[in-house]
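# Descriptive analysis of the structure
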Amino acid sequence: MLAHRTLLIKRPLRTFTNEEREALVKVLTRADALGNLWARGFEVWPIGLDSRFADKFNYFKSELRLVNVKRWLARVHAIFNVGVRLDNERDMGQGVFIDLTRNALRLRWVIKRRAIVISLTESEAKYIRDRLSEGGKPKLARAWVDDEHLFIAITFERDAEQITPSNYRLVIDVNSWKNGIVYAIVKDSTRNLERLYNHVTKLERKYGALRRLGLHKTPYGRRLWREIKATKRRLYAYLRDYAQKAVSILVKQALNLRAKVIIDDIIEESRRELMEEKPLNGLAKVYMLYLRRFVKLLTNQLRWYGIPYEFKRLPSTTCPICGSELTQLPGRIMICSKCGFKADRDLVPILWAIKQP
Ligand SMILES: [Zn+2]
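Residues numbered from 1 in each chain as written. Predicted model: local features only at pLDDT ≥ 70, side-chain atom pairs only at ≥ 80, totals over all residues. Heavy atoms only, no water.

A tally of helices and strands in the chain yields 9 helices and 15 strands. The buried share of the chain, taken over its 357 residues, is 40%. Counting only carbon and sulfur atoms, one obtains 54% of the accessible surface of the chain, whose full area is about 22300 Å². (Helix = DSSP H or I, 4+ residues; strand = E, 2+ residues; numbered from the N terminus. Buried < 20%, exposed > 50% of the residue type's maximum accessible area, 1.4 Å probe, protein only. Areas by Shrake-Rupley, 256 points an atom, 1.4 Å probe, with all protein chains shown as cover.)

Okay, helix 6 (residues 219-257) next. Between its first and last C-alpha atoms helix 6 spans 57 Å; for 39 residues at 1.5 Å apiece the expected length is 57 Å, and the two agree. All buried positions along helix 6 are accounted for by G221, L224, I228, T231, L235, L239, A243, A246, V247, V251 and A254. Immediately downstream of helix 6, the backbone of R258 shows phi near 50°, a positive value. (Expected span 1.5 Å × (residues − 1).)

What follows covers a nonpolar patch on the surface. Taken together, Y168, L170, I172, Y183, I185, I249 and L257 make up a surface patch of nonpolar side chains, about 640 Å² in accessible area. Secondary-structure elements contributing two or more residues to the nonpolar patch are strand 9 (168-173), strand 10 (182-187) and helix 6. Ranked by the residues each element gives to the nonpolar patch, the list is headed by strand 9, at 3 residues. Within the fold, Y183 resides in strand 10. Since its relative accessible area comes to 40%, Y183 is described here as partly exposed. (Patch = residues over 30% accessible without salt bridge, like charges linked within 9 Å, V, L, I, M, F, W, Y side chains within 5 Å. Salt bridge = Lys/Arg side-chain N within 4 Å of Asp/Glu carboxyl O.)

Moving on, we come to the confidence of the model for the chain. Overall, the predicted model of the chain reaches an average pLDDT of 84, with 86% of residues at or above 70. Of all helices and strands in the chain, the one with the weakest mean pLDDT is helix 3 (residues 69-74) (48), whereas strand 4 (residues 96-99) scores best (97). Confidence drops under pLDDT 50 across residues 66-73; counting only partners more than four residues distant or on other chains, this segment forms 6 contacts. (pLDDT = per-residue confidence, 0-100. Contact = heavy atoms within 4.5 Å.)

Further remarks concern the coordination of the zinc ion. In this structure, C319 (SG), C322 (SG), C336 (SG) and C339 (SG) serve as the protein donors to the zinc ion, at separations of 2.3 Å. Because the angles between the 4 donor atoms bound to the zinc ion fall within 103 to 118°, the donor set is best described as tetrahedral. One chain supplies every donor to the zinc ion, and in sequence these donors are spaced C-x2-C-x13-C-x2-C. Residue C322 is located in the loop between strand 12 (309-312) and strand 13 (327-329), and its partner C339 is located in the loop between strand 14 (333-335) and strand 15 (342-344); the two are separated by 17 residues in the primary sequence. Overall, the relative accessible area of 37% leaves C322 in the partly exposed class. (Donors = N, O, S within 2.8 Å, 3.2 Å for Na, K, Ca; no water. Tetrahedral: all angles 85-135°; square planar, octahedral: opposite > 155°, others 65-115°.)

Right, let's get into the environment of E157. For E157, the position within the fold is in strand 8 (residues 149-159). A residue is classified by how much of its surface remains accessible, and E157, at 16% relative accessible area, is buried. Distance in space between the C-alpha atoms of E157 and L132 is 9.5 Å, their sequence separation being 25 residues. Separated by 2.9 Å, the side chains of E157 and H4 make a polar contact. (Polar contact = N/O pair within 3.5 Å; in protein donor to acceptor, adjacent residues only side chain to side chain.)

Moving on: the pairing of strand 8. The element strand 8 is largely enclosed, with a buried count of 9 among its 11 residues. The pairing of strand 1 (residues 2-12) with strand 8 spans 11 bridges and is classified as antiparallel. If you follow L2 over to strand 8, its bridge partner there is D159. Hairpin connection, strand 7 (residues 137-145) to strand 8: the antiparallel pair is bridged by 3 residues. (Pairing = 2+ DSSP bridges.)

This part covers the sheet that holds strand 2 (residues 78-80). If you walk across this open sheet you meet the 4 strands as 1-8-7-2, and the pairing is antiparallel. Each having just a single partner strand, strand 1 and strand 2 make up the two edges of the open sheet. Looking at each pair of strands side by side, their axes are set apart by 20° on average, direction ignored. With respect to the sheet, helix 2 (residues 51-60) is in contact with strand 2 and strand 7, its orientation differing from that of strand 2 by roughly 80°. (Axes fitted to C-alpha atoms, helices over the stretch in contact; angles between N-to-C directions.)

Quick look at the pattern of salt bridges now. In total, this model carries 16 salt bridges according to the counting rule given. Close ionic contact of D99 with R85 constitutes a salt bridge, the shortest N to O distance being 3.1 Å. With D99 in strand 4 and R85 in strand 3 (residues 82-85), this pair connects stretches of sequence that are 14 residues apart. Look at D99 and you get buried, because its relative accessible area is 1%.

Note that E20 resides in helix 1 (residues 18-39). Not counting the four nearest positions on each side in its chain, E20 is found in contact with I111, R114 and I116.

In this section: the nonpolar core. L24, F80, I98, L105, L107, L150 and I152 are the most contacted members of the largest nonpolar core, which has 45 residues in total. Ranked by the residues each element gives to this core, the list is headed by helix 1, at 7 residues. Sequence-distant contacts of I98, defined by excluding residues within four places in its chain, comprise V82, G83, V84, R85, A104, L105, L120, I128 and I154. In terms of nonpolar packing, the next biggest core, distinct from the first, is built from 11 residues, L314, A343, V348 and A353 among them. (Core = buried A, V, L, I, M, F, W, Y, C linked by side-chain atoms within 4.5 Å.)

Okay, here's the thing in C-alpha coordinates:
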(Lines give C-alpha, C1' and ligand atoms only; values in the text may rest on other atoms or scores of the structure.)
Protein backbone atom coordinates (compact mmCIF):
# COMPACT_ATOMS: atom_id res chain seq x y z
CA MET A 1 0.00 0.00 0.00
CA LEU A 2 1.51 3.30 -1.08
CA ALA A 3 1.51 5.96 1.61
CA HIS A 4 2.62 9.57 1.55
CA ARG A 5 3.95 12.15 3.97
CA THR A 6 4.75 15.72 3.13
CA LEU A 7 7.23 18.17 4.60
CA LEU A 8 6.30 21.82 4.19
CA ILE A 9 9.18 24.28 4.07
CA LYS A 10 8.27 27.95 4.44
CA ARG A 11 10.63 30.92 4.02
CA PRO A 12 9.93 34.67 4.03
CA LEU A 13 10.48 36.09 0.53
CA ARG A 14 12.42 39.01 2.00
CA THR A 15 15.26 36.64 2.97
CA PHE A 16 16.10 36.12 -0.73
CA THR A 17 18.10 38.44 -2.98
CA ASN A 18 16.12 40.79 -5.22
CA GLU A 19 16.83 38.70 -8.30
CA GLU A 20 15.74 35.51 -6.56
CA ARG A 21 12.62 37.04 -5.06
CA GLU A 22 11.45 38.50 -8.37
CA ALA A 23 12.11 35.23 -10.19
CA LEU A 24 10.32 33.18 -7.54
CA VAL A 25 7.21 35.34 -7.68
CA LYS A 26 7.15 35.58 -11.46
CA VAL A 27 7.90 31.96 -12.31
CA LEU A 28 5.89 30.25 -9.60
CA THR A 29 2.84 32.46 -10.15
CA ARG A 30 2.97 31.68 -13.86
CA ALA A 31 3.37 27.97 -13.24
CA ASP A 32 0.33 28.09 -10.95
CA ALA A 33 -1.77 29.76 -13.61
CA LEU A 34 -0.60 27.41 -16.35
CA GLY A 35 -1.09 24.41 -14.08
CA ASN A 36 -4.83 24.96 -14.34
CA LEU A 37 -4.57 24.64 -18.12
CA TRP A 38 -2.29 21.61 -17.83
CA ALA A 39 -4.73 20.01 -15.41
CA ARG A 40 -7.49 20.38 -18.01
CA GLY A 41 -5.38 18.60 -20.59
CA PHE A 42 -4.11 21.57 -22.62
CA GLU A 43 -0.64 21.22 -24.04
CA VAL A 44 0.89 24.57 -23.28
CA TRP A 45 4.62 25.10 -23.62
CA PRO A 46 5.07 28.67 -22.49
CA ILE A 47 7.95 30.76 -23.72
CA GLY A 48 10.31 31.88 -21.01
CA LEU A 49 9.19 29.25 -18.53
CA ASP A 50 11.43 26.22 -18.10
CA SER A 51 9.88 23.44 -20.17
CA ARG A 52 10.52 20.95 -17.38
CA PHE A 53 7.57 22.43 -15.46
CA ALA A 54 5.21 21.15 -18.15
CA ASP A 55 7.17 17.88 -18.37
CA LYS A 56 6.95 17.16 -14.68
CA PHE A 57 3.38 18.25 -14.52
CA ASN A 58 2.37 15.75 -17.18
CA TYR A 59 4.54 13.07 -15.62
CA PHE A 60 3.07 13.38 -12.12
CA LYS A 61 -0.43 14.51 -13.04
CA SER A 62 -2.10 11.14 -12.54
CA GLU A 63 -0.46 10.66 -9.13
CA LEU A 64 -1.27 14.03 -7.70
CA ARG A 65 -4.59 12.89 -6.42
CA LEU A 66 -2.56 11.13 -3.76
CA VAL A 67 -1.15 14.35 -2.45
CA ASN A 68 -4.26 16.32 -1.63
CA VAL A 69 -7.35 16.29 -3.78
CA LYS A 70 -9.08 19.38 -2.52
CA ARG A 71 -6.11 21.66 -2.33
CA TRP A 72 -5.06 20.27 -5.65
CA LEU A 73 -8.28 21.30 -7.34
CA ALA A 74 -8.24 24.70 -5.70
CA ARG A 75 -4.74 25.58 -6.77
CA VAL A 76 -2.21 23.91 -8.99
CA HIS A 77 1.42 24.37 -8.07
CA ALA A 78 4.69 23.96 -9.91
CA ILE A 79 5.99 20.42 -9.65
CA PHE A 80 9.63 19.35 -9.37
CA ASN A 81 11.33 16.01 -9.29
CA VAL A 82 13.50 15.47 -6.20
CA GLY A 83 17.01 14.19 -5.61
CA VAL A 84 18.66 13.54 -2.26
CA ARG A 85 22.28 13.31 -1.18
CA LEU A 86 22.77 11.42 2.05
CA ASP A 87 26.48 10.66 1.53
CA ASN A 88 28.06 11.26 -1.82
CA GLU A 89 25.23 10.67 -4.29
CA ARG A 90 25.58 12.72 -7.46
CA ASP A 91 23.46 15.76 -8.06
CA MET A 92 21.57 14.81 -11.22
CA GLY A 93 20.15 18.29 -11.68
CA GLN A 94 16.70 17.51 -10.31
CA GLY A 95 14.30 20.40 -9.83
CA VAL A 96 14.78 20.11 -6.09
CA PHE A 97 18.01 18.66 -4.78
CA ILE A 98 18.37 18.07 -1.05
CA ASP A 99 21.98 17.88 0.11
CA LEU A 100 21.92 16.44 3.62
CA THR A 101 25.70 16.65 3.94
CA ARG A 102 25.28 20.44 4.00
CA ASN A 103 21.65 20.70 5.11
CA ALA A 104 20.90 22.65 1.96
CA LEU A 105 18.15 22.53 -0.67
CA ARG A 106 18.74 23.61 -4.27
CA LEU A 107 15.69 24.87 -6.09
CA ARG A 108 16.15 24.88 -9.85
CA TRP A 109 14.31 25.98 -13.02
CA VAL A 110 13.31 29.29 -11.47
CA ILE A 111 16.49 31.11 -12.47
CA LYS A 112 18.27 30.00 -15.65
CA ARG A 113 21.37 27.87 -15.11
CA ARG A 114 21.57 28.33 -11.39
CA ALA A 115 19.90 27.02 -8.27
CA ILE A 116 18.40 29.04 -5.46
CA VAL A 117 19.98 27.63 -2.30
CA ILE A 118 17.91 27.35 0.85
CA SER A 119 19.39 26.21 4.17
CA LEU A 120 17.43 23.54 5.96
CA THR A 121 16.75 23.80 9.66
CA GLU A 122 17.84 20.95 11.94
CA SER A 123 14.27 19.75 12.31
CA GLU A 124 13.63 19.83 8.55
CA ALA A 125 16.81 17.83 7.92
CA LYS A 126 15.81 15.40 10.66
CA TYR A 127 12.36 14.96 9.16
CA ILE A 128 13.92 14.06 5.82
CA ARG A 129 16.44 11.67 7.37
CA ASP A 130 13.70 9.99 9.40
CA ARG A 131 11.47 9.44 6.36
CA LEU A 132 14.39 8.06 4.34
CA SER A 133 15.45 5.71 7.14
CA GLU A 134 11.88 4.41 7.28
CA GLY A 135 12.18 3.41 3.64
CA GLY A 136 10.45 6.48 2.23
CA LYS A 137 11.51 7.82 -1.17
CA PRO A 138 11.24 11.46 -2.17
CA LYS A 139 8.49 11.47 -4.77
CA LEU A 140 7.95 15.05 -5.86
CA ALA A 141 8.10 18.61 -4.63
CA ARG A 142 5.69 21.47 -5.20
CA ALA A 143 6.56 25.12 -4.79
CA TRP A 144 4.45 28.26 -4.65
CA VAL A 145 4.45 31.76 -3.21
CA ASP A 146 1.95 33.94 -1.41
CA ASP A 147 2.43 37.64 -0.71
CA GLU A 148 5.18 37.08 1.81
CA HIS A 149 6.44 33.52 1.66
CA LEU A 150 7.92 30.84 -0.49
CA PHE A 151 6.53 27.37 0.20
CA ILE A 152 8.15 24.11 -0.84
CA ALA A 153 6.25 20.92 -0.11
CA ILE A 154 8.27 17.72 -0.44
CA THR A 155 6.27 14.52 -0.62
CA PHE A 156 7.76 11.17 0.36
CA GLU A 157 6.33 7.87 -0.72
CA ARG A 158 6.54 4.56 1.07
CA ASP A 159 5.25 1.16 0.07
CA ALA A 160 4.02 0.15 3.49
CA GLU A 161 3.22 -3.44 4.28
CA GLN A 162 0.37 -3.48 6.71
CA ILE A 163 1.21 -5.02 10.06
CA THR A 164 -0.81 -8.01 11.18
CA PRO A 165 -2.86 -6.64 14.05
CA SER A 166 -2.62 -8.21 17.49
CA ASN A 167 -5.64 -8.70 19.70
CA TYR A 168 -5.48 -5.06 20.74
CA ARG A 169 -7.72 -2.39 19.33
CA LEU A 170 -6.94 1.26 19.86
CA VAL A 171 -10.27 3.05 19.72
CA ILE A 172 -10.06 6.77 19.02
CA ASP A 173 -13.06 8.99 19.48
CA VAL A 174 -12.95 12.12 17.36
CA ASN A 175 -16.42 13.36 18.25
CA SER A 176 -15.25 15.14 21.34
CA TRP A 177 -12.30 17.18 20.17
CA LYS A 178 -13.19 19.96 22.52
CA ASN A 179 -12.49 17.60 25.42
CA GLY A 180 -9.15 16.54 24.00
CA ILE A 181 -8.46 13.37 22.09
CA VAL A 182 -10.19 10.43 23.64
CA TYR A 183 -8.78 6.99 23.13
CA ALA A 184 -8.99 3.59 24.65
CA ILE A 185 -6.97 0.44 24.24
CA VAL A 186 -9.16 -2.61 24.10
CA LYS A 187 -7.99 -6.18 24.04
CA ASP A 188 -10.25 -8.61 22.31
CA SER A 189 -9.65 -11.80 24.20
CA THR A 190 -13.03 -13.35 24.38
CA ARG A 191 -12.90 -15.46 21.26
CA ASN A 192 -10.22 -17.79 22.52
CA LEU A 193 -11.87 -17.85 25.90
CA GLU A 194 -15.26 -18.70 24.47
CA ARG A 195 -13.72 -21.45 22.38
CA LEU A 196 -12.13 -23.05 25.44
CA TYR A 197 -15.27 -22.61 27.49
CA ASN A 198 -17.52 -24.11 24.82
CA HIS A 199 -15.12 -27.01 24.54
CA VAL A 200 -15.33 -27.66 28.29
CA THR A 201 -19.13 -27.45 28.19
CA LYS A 202 -19.33 -29.95 25.34
CA LEU A 203 -17.03 -32.39 27.11
CA GLU A 204 -18.97 -32.05 30.36
CA ARG A 205 -22.22 -32.78 28.57
CA LYS A 206 -20.70 -35.92 27.10
CA TYR A 207 -19.36 -36.94 30.49
CA GLY A 208 -22.79 -36.32 32.05
CA ALA A 209 -24.38 -38.67 29.53
CA LEU A 210 -21.79 -41.38 30.28
CA ARG A 211 -22.38 -40.94 33.98
CA ARG A 212 -26.13 -41.40 33.61
CA LEU A 213 -25.38 -44.66 31.82
CA GLY A 214 -22.92 -45.65 34.54
CA LEU A 215 -20.07 -45.69 32.01
CA HIS A 216 -17.98 -42.86 33.44
CA LYS A 217 -15.44 -45.26 35.06
CA THR A 218 -14.56 -46.86 31.73
CA PRO A 219 -11.19 -45.98 30.12
CA TYR A 220 -13.05 -43.67 27.74
CA GLY A 221 -14.87 -42.00 30.62
CA ARG A 222 -11.63 -41.52 32.55
CA ARG A 223 -9.92 -40.07 29.51
CA LEU A 224 -12.80 -37.66 29.02
CA TRP A 225 -12.55 -36.57 32.67
CA ARG A 226 -8.81 -35.91 32.31
CA GLU A 227 -9.46 -33.85 29.17
CA ILE A 228 -12.10 -31.78 30.96
CA LYS A 229 -9.67 -31.01 33.78
CA ALA A 230 -6.84 -30.16 31.36
CA THR A 231 -9.07 -27.82 29.31
CA LYS A 232 -10.25 -26.08 32.47
CA ARG A 233 -6.64 -25.60 33.53
CA ARG A 234 -5.91 -24.07 30.15
CA LEU A 235 -8.92 -21.80 30.45
CA TYR A 236 -7.80 -20.50 33.84
CA ALA A 237 -4.19 -20.22 32.76
CA TYR A 238 -5.33 -18.16 29.79
CA LEU A 239 -7.33 -15.84 32.00
CA ARG A 240 -4.46 -15.45 34.46
CA ASP A 241 -2.02 -14.73 31.67
CA TYR A 242 -4.42 -12.28 30.10
CA ALA A 243 -4.94 -10.40 33.35
CA GLN A 244 -1.21 -10.23 34.04
CA LYS A 245 -0.33 -8.96 30.58
CA ALA A 246 -3.10 -6.40 30.64
CA VAL A 247 -1.98 -5.15 34.06
CA SER A 248 1.63 -4.85 32.99
CA ILE A 249 0.69 -2.88 29.86
CA LEU A 250 -1.57 -0.55 31.79
CA VAL A 251 0.94 0.05 34.58
CA LYS A 252 3.70 0.75 32.04
CA GLN A 253 1.43 3.26 30.25
CA ALA A 254 0.53 4.99 33.49
CA LEU A 255 4.22 5.22 34.44
CA ASN A 256 5.24 6.56 31.03
CA LEU A 257 2.59 9.23 31.09
CA ARG A 258 2.86 9.87 34.86
CA ALA A 259 -0.89 9.50 34.75
CA LYS A 260 -3.35 9.22 37.56
CA VAL A 261 -5.38 6.09 37.02
CA ILE A 262 -9.14 6.14 37.17
CA ILE A 263 -10.70 2.73 37.45
CA ASP A 264 -14.26 2.45 36.32
CA ASP A 265 -16.05 1.09 39.34
CA ILE A 266 -18.63 -0.86 37.45
CA ILE A 267 -18.24 -4.22 39.05
CA GLU A 268 -21.90 -4.35 40.00
CA GLU A 269 -23.15 -2.99 36.70
CA SER A 270 -21.01 -5.23 34.56
CA ARG A 271 -21.87 -8.18 36.78
CA ARG A 272 -25.52 -7.59 36.03
CA GLU A 273 -24.76 -7.06 32.36
CA LEU A 274 -22.77 -10.28 32.14
CA MET A 275 -25.41 -12.23 34.00
CA GLU A 276 -28.04 -11.00 31.56
CA GLU A 277 -26.20 -12.46 28.60
CA LYS A 278 -27.93 -15.82 28.78
CA PRO A 279 -25.87 -18.11 26.54
CA LEU A 280 -22.69 -17.21 28.40
CA ASN A 281 -24.01 -17.62 31.88
CA GLY A 282 -21.30 -20.00 33.06
CA LEU A 283 -18.62 -18.01 31.30
CA ALA A 284 -20.05 -14.84 32.86
CA LYS A 285 -19.24 -16.29 36.27
CA VAL A 286 -15.71 -17.00 35.14
CA TYR A 287 -15.39 -13.40 33.93
CA MET A 288 -16.65 -12.00 37.22
CA LEU A 289 -14.22 -14.07 39.20
CA TYR A 290 -11.36 -12.78 37.10
CA LEU A 291 -12.56 -9.22 36.96
CA ARG A 292 -12.11 -9.04 40.74
CA ARG A 293 -8.69 -10.68 40.55
CA PHE A 294 -7.71 -8.38 37.76
CA VAL A 295 -8.61 -5.27 39.74
CA LYS A 296 -6.68 -6.59 42.74
CA LEU A 297 -3.62 -7.34 40.63
CA LEU A 298 -3.84 -3.88 39.04
CA THR A 299 -4.18 -1.91 42.28
CA ASN A 300 -1.35 -3.93 43.85
CA GLN A 301 1.02 -2.95 41.09
CA LEU A 302 -0.15 0.65 41.00
CA ARG A 303 0.64 0.94 44.70
CA TRP A 304 3.99 -0.77 44.15
CA TYR A 305 5.02 1.91 41.65
CA GLY A 306 3.45 4.75 43.61
CA ILE A 307 0.91 5.55 40.90
CA PRO A 308 -2.14 7.34 42.30
CA TYR A 309 -5.48 5.79 41.43
CA GLU A 310 -9.10 6.09 42.32
CA PHE A 311 -12.32 4.28 41.68
CA LYS A 312 -15.13 6.18 40.02
CA ARG A 313 -18.45 4.99 38.86
CA LEU A 314 -18.50 5.81 35.18
CA PRO A 315 -21.89 5.11 33.65
CA SER A 316 -22.04 3.43 30.28
CA THR A 317 -25.76 3.84 29.73
CA THR A 318 -26.17 7.53 30.59
CA CYS A 319 -25.51 10.21 27.96
CA PRO A 320 -22.29 12.08 28.84
CA ILE A 321 -23.59 15.17 27.01
CA CYS A 322 -27.13 15.65 28.31
CA GLY A 323 -27.56 12.97 30.98
CA SER A 324 -30.44 11.13 29.32
CA GLU A 325 -30.67 7.36 29.23
CA LEU A 326 -28.85 5.83 26.25
CA THR A 327 -30.28 3.14 24.00
CA GLN A 328 -28.09 0.31 22.78
CA LEU A 329 -27.97 -0.47 19.05
CA PRO A 330 -26.47 -3.63 17.54
CA GLY A 331 -22.66 -3.71 17.68
CA ARG A 332 -22.55 -2.16 21.18
CA ILE A 333 -23.28 1.31 19.81
CA MET A 334 -24.95 3.61 22.31
CA ILE A 335 -27.24 6.38 21.08
CA CYS A 336 -29.01 9.28 22.82
CA SER A 337 -32.48 9.97 21.43
CA LYS A 338 -32.50 13.40 23.07
CA CYS A 339 -29.27 15.02 21.83
CA GLY A 340 -28.12 12.60 19.15
CA PHE A 341 -24.92 11.57 20.94
CA LYS A 342 -23.60 8.28 19.55
CA ALA A 343 -20.54 6.25 20.58
CA ASP A 344 -19.11 2.82 21.11
CA ARG A 345 -20.33 1.49 24.45
CA ASP A 346 -16.72 1.02 25.63
CA LEU A 347 -16.08 4.71 25.08
CA VAL A 348 -19.01 6.09 27.07
CA PRO A 349 -17.36 5.59 30.50
CA ILE A 350 -14.22 7.22 29.15
CA LEU A 351 -16.17 10.25 28.00
CA TRP A 352 -17.56 10.45 31.51
CA ALA A 353 -14.05 10.18 32.92
CA ILE A 354 -12.78 13.21 31.00
CA LYS A 355 -15.65 15.28 32.36
CA GLN A 356 -14.41 14.60 35.88
CA PRO A 357 -12.41 17.35 37.55
ZN1 LIG B 1 -27.77 13.12 25.17
